[in-house]
Amino acid sequence: MPDAPTTPLTGTVVRGAGRGRGLGFPTANIAPDPGTPVPPPAIYSGWLARRATGTVHRATISIGTNPTFCDTSEIHTEVYCHDTSGEVGDLYGERVDLWFVARIRDTERFASVDELLLAAREDVRRSESLLDSEHGRHVLAALS
Ligand SMILES: Cc1cc2nc3c(=O)[nH]c(=O)nc-3n(C[C@H](O)[C@H](O)[C@H](O)COP(=O)(O)O)c2cc1C
């Protein structure tokens, strides 16, 4: 699959700005380990594997500066898990591996939060079918 790295990003879940929960898109913010490959800013589909439990979650990943909110030049790695109740607080401090399946789109600076939310919902729909594709299942099979 083009545009998505084949090696995992490894890191630790840390606290983000806390905005995602209010938007209905709670994300786990990942601090990448030094030296781990971080792909270029974009929205990706992938699998999040929790080292502590061995569980794997369906994920849509945002890598970028969150330009809609203009509050930082720092690159954030944020993961929305489709198959959890939305409560990511219990992941804080956990070691995780992110396996990328496909690149979905460029990060955009949206004129409003509503536009960002529309795009993010569409990203999750596309991510769901990418994860269920032959390539998505192949990536999953390789990590378990
Ligand atoms: C599926 C998805 C797509 C996203 N796309 C964008 C985007 O195109 N532009 C942007 O500025 N932020 C994007 N974001 C990041 C949000 O701005 C970010 O998750 C939100 O500000 C919450 O940040 P926090 O968890 O640090 O509070 C996306 C997030 C997700 C989960």
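Residues numbered from 1 in each chain as written. Predicted model: local features only at pLDDT ≥ 70, side-chain atom pairs only at ≥ 80, totals over all residues. Heavy atoms only, no water.

## Comments concerning the packing of aromatic side chains
Move 1: Counted according to the given criterion, the structure contains two aromatic pairs.
Move 2: The interplanar angle of 75 degrees and the centroid separation of 5.2 Å between the aromatic rings of tyrosine 44 and phenylalanine 100 together place this pair among those described as edge-to-face. Here tyrosine 44 is found in strand β3 (residues 42-50), whereas its partner phenylalanine 100 is found in strand β6 (residues 95-105), with 56 residues between them in sequence.
Move 3: Using a relative accessible area of 1% as the deciding quantity, one classes tyrosine 44 as buried.
Move 4: Relative accessible area serves as the criterion here: at 4%, phenylalanine 100 is assigned to the buried category.
Move 5: The aromatic ring of phenylalanine 69 is capped on one face by arginine 19, whose charged end is 4.0 Å from the ring centroid. (Phe/Tyr/Trp six-rings, centres within 6.5 Å; stacked < 30°, edge-to-face > 60°. Helix = DSSP H or I, 4+ residues; strand = E, 2+ residues; numbered from the N terminus. Buried < 20%, exposed > 50% of the residue type's maximum accessible area, 1.4 Å probe, protein only. Lys NZ or Arg CZ within 6 Å of the ring centre and 35° of its normal.)

## What about the side chain of histidine 57?
Move 1: Along the chain, histidine 57 falls in strand β4 (residues 56-64).
Move 2: By relative accessible area, histidine 57 is classed as buried at 11%.
Move 3: Here histidine 57 is in contact with Gly46, Trp47, Leu48, Arg50, Cys81, Asp83 and Thr84, once residues within four sequence places are set aside. (Contact = heavy atoms within 4.5 Å.)

## Notes on the layout of surface pockets
One simple way to see leftover space: roll a probe sized like a water molecule over the atoms.
Move 1: Computed from the structure, the largest pocket encloses a volume of approximately 570 Å³.
Move 2: Along the wall of the largest pocket there are 33 residues; nearest its centre are Phe25, Thr27, Ser62, Asn66 and Glu78.
Move 3: Elements that contribute at least two residues to the lining of the largest pocket include exactly α1 (19-23), β4, β5 (76-81) and α2 (113-132).
Move 4: When residues in the lining of the largest pocket are grouped by element, the largest group, five residues, is from α2. (1 Å grid on protein atoms, 1.4 Å probe; cavity = no way out; pocket = protein on both sides within 12 Å on 5 of 7 lines; lining within 4 Å. Points joined across faces, edges and corners; volume = space filled by probe spheres on them.)

## Considerations on the side chain of histidine 82
Move 1: If you trace the backbone, histidine 82 turns up in the loop between β5 and β6.
Move 2: Exposure remark for histidine 82: the relative accessible area of 17% places this residue in the buried category.
Move 3: Of note is the side chain of histidine 82, whose polar atom sits 2.5 Å from the side chain of glutamate 128.
Move 4: Excluding residues that lie within four positions of it along the chain, histidine 82 makes contacts with Arg58, Ala59, Thr60, Val124, Ser127, Glu128 and Leu131. (Polar contact = N/O pair within 3.5 Å; in protein donor to acceptor, adjacent residues only side chain to side chain.)

## Some details on the pairing of strand β2 (residues 28-32)
Move 1: One ladder, built from four bridges, connects strand β1 (residues 9-14) with β2; its direction is antiparallel. Its bridge partner lying in β2, glycine 11 is registered against proline 32.
Move 2: Taken together, the three bridges between β2 and β5 define a ladder with antiparallel strand orientation. Residue asparagine 29 lies in a different strand from β5, and its bridge partner there is glutamate 78. (Pairing = 2+ DSSP bridges.)

## Structural notes on the confidence of the model for the protein chain
Move 1: On average, the protein chain scores 90 in pLDDT, and the residues at 70 or more come to 93%.
Move 2: Summarising per-element confidence for the protein chain, the mean pLDDT is lowest in α1 (79) and highest in β6 (97). (pLDDT = per-residue confidence, 0-100.)

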